[in-house]
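Structural description and commentary
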Amino acid sequence: PLQQQNLLDPEDDSTILLEHKGDIFAAKKSILIRESPVFASMFGENWNSPGKEARDGDQAHSVKDLRVVSVPDNFDPASVQILIGYLNGSKEVLKSMTDIGDMLCLCDYYGIYSPIEDILNRLKQCNMMTGYEVAQKIAKVDLFKDLKESLLLVSLTMAGNIWRNWQDIMNSVLQNESKFDAITGLATELVSTTAESKFRFKVEQQNMGKTCPILVASNMKWMFSFQNFQNYGQMQLGCTSFNDEDMKGAKVTAAVHLQVFNPQDWSPSTVGKRDQLVFTSTSGVLIQQVMNHSQLSGFAKDGFLYMEATIKVLEVENLPKLQTITEKQIYDL
C-alpha cells in the first residue's frame, strides 16, 4: 500500500518513494537531503545504483534520477513508516514504536539523527526486558556502544533485584510470553555474573527433583536421588531437560558442595564436595554419584533430610535451548 504522509503527491518530482518489502513510503526529497547525509550524497552526485538499467538500456541510472529507492529488507516495515512519518512532521508516530532497537539502527544506517533524542526518551519508559532487547539489537552499532553498555547494566541490575529465585524467572516467562528471548537472555547474562547458586531443600526416601536457577536459561534442572538413606545414604545428582528433549552429546561441568543439617542444632555437615564434576549423557539424563555417606540416618528428622546445595557451573556444551515452559512444569518441580 502507498503510505502518503502529509498528503504528499507521489507524482511530484520532489517526492521520493521508498520501497520496502513491497510497501511504498513517500517522503519529500528536500527533507531526506536535509536530514540524511546518505540521501544528500545519493541525490547529489552520479551515484550508480547496481543492477538498475537505464530506460534506454545504455547505462545504469544514477540514484538522483530515480524516483524509487529501496530500503534494506532487514529493517521492520513499521520502523520505516514511523521514521518517514516523523521526518514529515509527526512526532506522535513514535508512540506506536514497538521495536526501539530497530528504529535506532535504521536512523544510524541513513545518518538521520534528529529523532534519536525523542526515541531515547521513549526508551526511559521501558522495562528491563525491552532495555535488554534494544541493547542486543544495537550491539554492533559503534554510535550506540555506550548506550548498549548502559542498557545492559541497568537491565541486569533490575533483573538481579527482581529475580530472587528461579520461580521469579519462570513467572516472568509466563507473564511476558512475547519477551521470552529477552528473559532467557537476561537470565543467562545474570548467571554469568553470579559466582554460584545456592538453595536449600528437604528430601525423603525417594527421588526428589529441584531446580537450580543457574541453569534455568539453559533448559535444565537438577535432580537429587536418595536411596535407602536410613541405611547407607547413597545419593545421586543429575540434571535433565524441562521439556524432555534429546540430550545426546550434552555435557555439564560443575563444582558441587552438598551439606546436610543436624536436626538438633541445625549445624551443617559436608556430605559431598567435588571441585570439577562432569555430567555427560547419551540417554537423556546427565547423572553422577556424588557421595555415599554412612551416617545420614543420624541426620534424619521425621523421615526427611534437610540439605543445602551450592552449585557453580563451570562449562556447558550442547544443551537444548529452552523453547517454552508451562505453569504446570513450574509447580510440579
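Residues numbered from 1 in each chain as written. Predicted model: local features only at pLDDT ≥ 70, side-chain atom pairs only at ≥ 80, totals over all residues. Heavy atoms only, no water.

Along its length, the protein chain carries 10 helices and 14 strands. A buried classification covers 44% of the 333 residues belonging to the protein chain. Accessible surface computed for the protein chain: about 17,400 Å², of which carbon and sulfur atoms make up 46%. (Helix = DSSP H or I, 4+ residues; strand = E, 2+ residues; numbered from the N terminus. Buried < 20%, exposed > 50% of the residue type's maximum accessible area, 1.4 Å probe, protein only. Areas by Shrake-Rupley, 256 points an atom, 1.4 Å probe, with all protein chains shown as cover.)

Right, let's get into the confidence of the model for the protein chain. A residue-level look at the protein chain finds 68% of positions with pLDDT of 70 or above and a mean pLDDT of 75. Across residues 1–12, confidence stays below pLDDT 50; counting only partners more than four residues off in sequence or on other chains, it has 29 contacts. Counted against residues more than four places away or in other chains, residues 47–65, with its pLDDT under 50, gives 34 contacts. (pLDDT = per-residue confidence, 0-100. Contact = heavy atoms within 4.5 Å.)

Once that is clear, we can look at the packing of aromatic side chains. Inspection of every chain in the model, using the stated rule, returns 4 aromatic pairs. Ring geometry for F75 and Y109: centres 5.5 Å apart, planes at 65°, overall edge-to-face. Taken together, the residues span a long stretch of sequence, with F75 in the loop between strand 6 (68–70) and helix 3 (77–87) and Y109 in helix 4 (residues 100–110) at a distance of 34 residues. Residue F75 is classed as buried on the basis of its relative accessible area of 4%. Considering the side-chain rings of W266 and Y306, the 5.1 Å spacing of their centres and the 85° angle between planes classify their relative orientation as edge-to-face. Remark: Y306 occurs in strand 14 (residues 305–317) and W266 occurs in the loop between strand 11 (251–261) and strand 12 (268–280); sequence separation between them is 40 residues. On the basis of relative accessible area, W266 is assigned to the partly exposed category, the value being 43%. For Y306, a relative accessible area of 23% gives the class partly exposed. Three or more aromatic residues joined by ring pairs make a cluster, and in this case those are F39, F75, Y109 and Y110. (Phe/Tyr/Trp six-rings, centres within 6.5 Å; stacked < 30°, edge-to-face > 60°.)

On to the environment of Q288, then. Checked against the element boundaries, Q288 lands in strand 13 (residues 286–292). Residues Q288 and C239 lie 49 residues apart in sequence; the distance between their C-alpha atoms is 9.3 Å. Ignoring sequence-local partners within four residues, the contact set of Q288 consists of Q236, L237, L277, V278 and F279.

For the coordinates displayed, the defined rule picks out 6 salt bridges. Where D99 meets K137, a salt bridge forms, and the shortest distance between an N and an O atom there is 2.9 Å. Separated by 38 residues along the polypeptide, D99 in the loop between helix 3 and helix 4 and K137 in helix 6 (residues 128–137) bring together distant segments of the chain. With a relative accessible area of 23%, D99 lands in the partly exposed category. (Salt bridge = Lys/Arg side-chain N within 4 Å of Asp/Glu carboxyl O.)

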